[in-house]
Amino acid sequence: MKVLLSWLREFAPIEGDPAEIGDHLSDLGMAVEEMRVLPPLDGVVVARVAGLRPHPEADRIQLVDVELPGASGEGTNGALQVCCGAFNMSVGDLVPLATVGTTMPGGLEIGERRLRGQLSQGMCCSAAELELGADADGIMILPSNFELGASLMSQLGLDGDVLYDLEVNPNRPDAMSVAGVARDLAARLGVPFRIPEPAVDETGEDISTVASVQIIDPDLCGRFGVRVIGGVSIGPSPLWMQARLTLCGMRPINSVVDVSNYVMLELGTPNHTYDLALVPGGHLGTRRSAGGESVVTLDGAERELLRGDGVIVDRDDRLIGIAGVMGAANTEISDDTAAVLLELACWDRLSITRTSQRLGLRSEASMRFERGTDHELVPIALDRFCELLNRVTPGGVSVCRGRLDGRGELPESTRVRVRPARMSHLLGHDFTAAQVRALLEPIGFACESADDSSALAVDDLSATGTSDGGDVAEQQPAVVATVPSFRPDVVTETDVAEEVARHYGYGRLGRTVPRSPEPGRLTPAQRLRRDLRRVLVGAGLAEAMPNPFLAPDAVRRASIGGAEPVRLLNPLATEESILRPSLLPGLLTAAAYNTAHRNEGVSLFEIGVVFGQPAPGDPLPTETEQLGAIWTAGAASDAVHLWDLIASAFGLDASLTNAGDLDGMHPVRAARVIVGGQPVGAVGEIDPVVCERHGLEQRCAWLQVDMGPLLEAAAAHADRPYQLVSTYPSSDIDLAFAVPDDVQASHVRDTLAAVGGAELRSVELFDVYRGDQMAAGVRSLAFRLRLQADDRTLTDDQVAEIRQRCIDEVEGLHGAVLR
């Protein structure tokens, strides 16, 4: 459900910061999925067409002389000249003009340019180009009372407006309208709410002489309201209405259809219009289908009906609509329509749900009928339609006197006995009767004191637990709340408790942790360790659990140096007689086993403990938890990429430093992992000699990190906020540099990341090349940079400027040369 802040303000004086208003809406249960401040469209102004001339070199383009105060150009009599492909304008029309320098909603920047030799000094805009309508075929023709030279958005009343996209749950039918959202918001802000009374001038004949209503199945239709409107002329609706409908997700069609949709969005009351001339005697009846009937709906499809489907019929029992779902083509409004038969009904929710789902016809109207509409709003919505149609029709319309109001089986008003003690126990917070009334009455509940003040039964109290200070609530008298007609979802005391909680504020209720004889929770380190496993599995690695006991020569075969490994006093076998000093031997053995069994290209990781000699005075060996990861048929870049994923996932301040003395690692394809300025591990490729000793013929990548410093650094960044995800397109550029061998690839990448600016989203090293084409002591490093802005589409010039900045910085700092 999309709502405009300006529309909400027509029902209540809602003021304040738009972001805070969005927070209130979310707290009220209408989660704001997106908040969009409408662009001011600076540079799009109201201009007058001063002349129209054919383009001398193009048949499909005309030259438009545009009059704009204070501006002069190459047009006739000094007017601005615009080349335009639309031909729906006339001299004297007011049109929106995007002046030179304007940035359009799609990111296009308007500039002076020549089309077939003729200079164009701006652009005349269609509604679609401004994202204010769906019409892309012609230029917007503005009302004649718009101020020449003024900002278009200010003239439309949309300057600075805010559009909220709300998530409305199925149990909130009242929130499927602008008025319903405004009611909730007004109650939260403590401001008055009012649905204005429509003003209808009834100038036509008495409605009983031209129309009639019959409800044949009263359980299908609870209320059926009808108005008759003459003097109708079908045309486009005004721009302000088209703009609101478009922004709220509806496609403008014509004045009658647009008013119908506008009233539905505003009041949550779907309605339908018939061409009065096509309905014999103006008679509308409602019944259930007997089965075997069919009707051609407005979309041109023939629909087969089953027994029990709701239908609307005319005087001759001819089907002219599927109740609450879609009208029939045989009474459709057309350009020749002169009189409209307006119908607004309340239908049985289950019947509409069953029919719409079976036919696959889910619409904005059926969705509202399925949730339940307000039968008390029928006369107000009928009059609102008449008021708006009279307003948007040139010369006005003629409304017949009176309304037809057929009645079926309407639901009785629901009265719920609300006990403050019960509210307190359900919500874990003390509420008095006065507080309950103060929270319910602003949202339409009629409250009165109950005849007795009997407290909540002992059995009920034991079932719901206890709340702090419950004695005060138990002494409060009960309240009888009459549920408003627009809330058919509220039936029980528990439902009322939800309304009390919503408007009191879930955040103010506090949190009550259930007591348990065996409380337990994960420590922060345990949670982070689980998060790390998810990152590793998500990167495509499988967890391995090698034996922590090694054979004496396993350490030598893995080229692990350092202190003598810890030996077991009573090993079960000689080949398991020492404790592992590193995760590398075990994972190498696991990788070799998979390769020998033709399971090649495996990626494995382990989070486990390695052991060292006991510290002085300590009889037990030291234990260090580490992360190890291995890739067979992998390059150093694979290990570096995984480390980048880990660092990004936990927000670590990490870097790499080349090193040629790491145990078991390649002498020139390995680096130390630095976190917080301290070395915590190693990354790169395993020494080919080590791989050969284990029967691995391909290159193998390796990552090893001490878990202690990693978890400590991750815990320090555990409360990182979510980052905005841009909705604008990205651009990739590839840069390959010839770089001296003594310059680290990570240093070049860090330079690119630092100089790329806010638009740089990622830097990836995707190729390293050494060969005959490279000079001695030089290698090629190829990086892919992804650029993306949060608020616009980057132009080619902006991308080129960032590219050149990156090239200059790398060449200047590292002695590199762009290939």
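A.B. asks: A description of helix 23 (residues 796–814) should follow, citing residues and the corresponding values.
C.D. replies: End to end, helix 23 covers 27 Å across 19 residues, agreeing with the expected 27 Å (1.5 Å per residue, within 8%). Considered for burial, the residues of helix 23 that qualify are V799, I802, C806, I807, V810 and H814. Seen end-on, helix 23 carries its buried residues on one side only, within an arc spanning 135°. Turned more than 90 degrees from where helix 23 packs its buried face, D797 and G812 sit exposed. Where helix 23 is buried, its residues contact strand 35 (731–740), helix 22 (745–755), strand 37 (778–787) and strand 38 (817–818). In the segment just after helix 23, G815 is the residue with positive phi, at about 65°.

A.B. asks: Go over the pairing of strand 30 (residues 622–632) with me, naming the residues and quoting the values.
C.D. replies: Both strand 29 (residues 603–612) and strand 30 contribute to a ladder of 10 bridges, which runs antiparallel. Residue pairing across strands places S603 opposite W631, the latter belonging to strand 30. Relative to strand 34 (residues 700–706), strand 30 is paired through seven bridges, and the arrangement is antiparallel. The partner of T632 across the bridge, within strand 34, is C700.

A.B. asks: So, the side chain of Q242: which residues are in play, and what are the values?
C.D. replies: When you line up the elements, Q242 lands in helix 5 (residues 239–247). A residue is classified by how much of its surface remains accessible, and Q242, at 14% relative accessible area, is buried. One polar contact links the side chain of Q242 to the main-chain carbonyl oxygen of S237, over a distance of 2.7 Å. Ignoring anything within four residues of it in the chain, the contact list for Q242 reads L132, P236, S237, P252 and D258.

A.B. asks: Help me get a handle on unusual backbone geometry, residues and values and all.
C.D. replies: Even without being a glycine, D317 presents a positive backbone phi close to 65°. You can see D317 is positioned in the loop between strand 17 (310–313) and strand 18 (319–322). Of note in the backbone geometry, A633 takes a positive phi value of approximately 60° without being a glycine. You can call A633 partly exposed: its relative accessible area is 45%.

A.B. asks: Explain the environment of Q744 to me, using residue names and the numbers behind them.
C.D. replies: As for its placement among the helices and strands, Q744 is situated in the loop between strand 35 and helix 22. Judged by relative accessible area, Q744 falls into the buried class, the value being 4%. Distance in space between the C-alpha atoms of Q744 and G149 is 59 Å, their sequence separation being 595 residues. Polar side-chain contacts of Q744 include one of 2.8 Å to the backbone oxygen of L656.

A.B. asks: Can you tell me about the pattern of salt bridges, naming the residues and giving the values?
C.D. replies: Taken as a whole and judged by the stated rule, the model has 50 salt bridges. In this structure, R669 engages E685 in a salt bridge whose closest nitrogen and oxygen atoms are separated by 3.3 Å. In this pair, R669 is assigned in strand 32 (residues 665–675) and E685 in strand 33 (residues 678–686), connecting sequence segments 16 residues apart. A relative accessible area of 33% places R669 in the partly exposed class. A relative accessible area of 2% means that E685 is categorised as buried. The salt bridge involving R792 is made with E759; its shortest N-O contact spans 3.4 Å. Placement of the pair is R792 in the loop between strand 37 and helix 23 and E759 in the loop between helix 22 and strand 36 (760–769), with a sequence separation of 33 residues. Take R792: its relative accessible area is 29%, and that puts it in the partly exposed class. A single network of salt bridges, built from pairs that share partners, joins R172, D174, D184, R487, D489, E499 and R502.

A.B. asks: Please set out the sheet that holds strand 17 residue by residue, giving values where relevant.
C.D. replies: Reading across from one edge, 11-14-17-18-19 is the order of the five strands in this open sheet, with mixed pairing throughout. Edge positions in the open sheet fall to strand 11 (212–215) and strand 19 (326–327), since each of these has one partner strand only. Direction of pairing for strand 18 relative to strand 19: antiparallel, over a ladder of two bridges. Pairing of I322 across the sheet is with M326, part of strand 19.

A.B. asks: Pulling in residues and values, what's your account of the packing of helix 7 (residues 349–359) against helix 8 (residues 364–371)?
C.D. replies: Between helix 7 and helix 8, the shortest axis-to-axis distance is 7 Å and the interhelical angle comes to 140°. Judged by the inter-axis angle, helix 7 sits oblique to helix 8. For the pair helix 7 and helix 8, the sense of crossing is left-handed. Seen from helix 7, the contacting residues are R349, I352, T353 and S356; seen from helix 8, they are S366, F369, E370 and R371. The residue inventory of the contact of helix 7 with helix 8, partitioned by class, reads two nonpolar, three polar and three charged.

A.B. asks: With reference to specific residues and values, describe the state of the cysteines.
C.D. replies: Under the defined criterion, the tally for this structure stands at zero disulfides. Left without a disulfide partner, C124 is nearest to the cysteine sulfur of C84, which lies 5.0 Å away. The buried category is assigned to C124, whose relative accessible area is 4%. Not engaged in a disulfide, the cysteine C400 finds its nearest cysteine sulfur in C386; these two sulfurs lie 9.4 Å apart.

A.B. asks: Could you give an account of helix 19 (residues 636–650), naming the residues involved and the relevant values?
C.D. replies: With 15 residues, helix 19 extends 22 Å between its outermost C-alpha atoms, agreeing within 8% with the 21 Å of an ideal straight helix rising 1.5 Å per residue. When we look at burial in helix 19, the residues that qualify are A636, A639, V640, L642, W643, I646, A647 and F650. Take helix 19 and look down its axis: the buried residues cluster within an arc of 160°, on one side only.

How each quantity is defined
Residues numbered from 1 in each chain as written. Predicted model: local features only at pLDDT ≥ 70, side-chain atom pairs only at ≥ 80, totals over all residues. Heavy atoms only, no water. Helix = DSSP H or I, 4+ residues; strand = E, 2+ residues; numbered from the N terminus. Expected span 1.5 Å × (residues − 1). Buried < 20%, exposed > 50% of the residue type's maximum accessible area, 1.4 Å probe, protein only. Arc of directions from axis to C-beta. Contact = heavy atoms within 4.5 Å. Pairing = 2+ DSSP bridges. Polar contact = N/O pair within 3.5 Å; in protein donor to acceptor, adjacent residues only side chain to side chain. Salt bridge = Lys/Arg side-chain N within 4 Å of Asp/Glu carboxyl O. Axes fitted to C-alpha atoms, helices over the stretch in contact; angles between N-to-C directions. Parallel < 35°, antiparallel > 145°, perpendicular 65-115°, else oblique. Left-handed = near helix turned anticlockwise from the far one by under 90°. Nonpolar A, V, L, I, M, F, W, Y, C, P; charged D, E, K, R; others polar. Disulfide = S-S within 2.5 Å.

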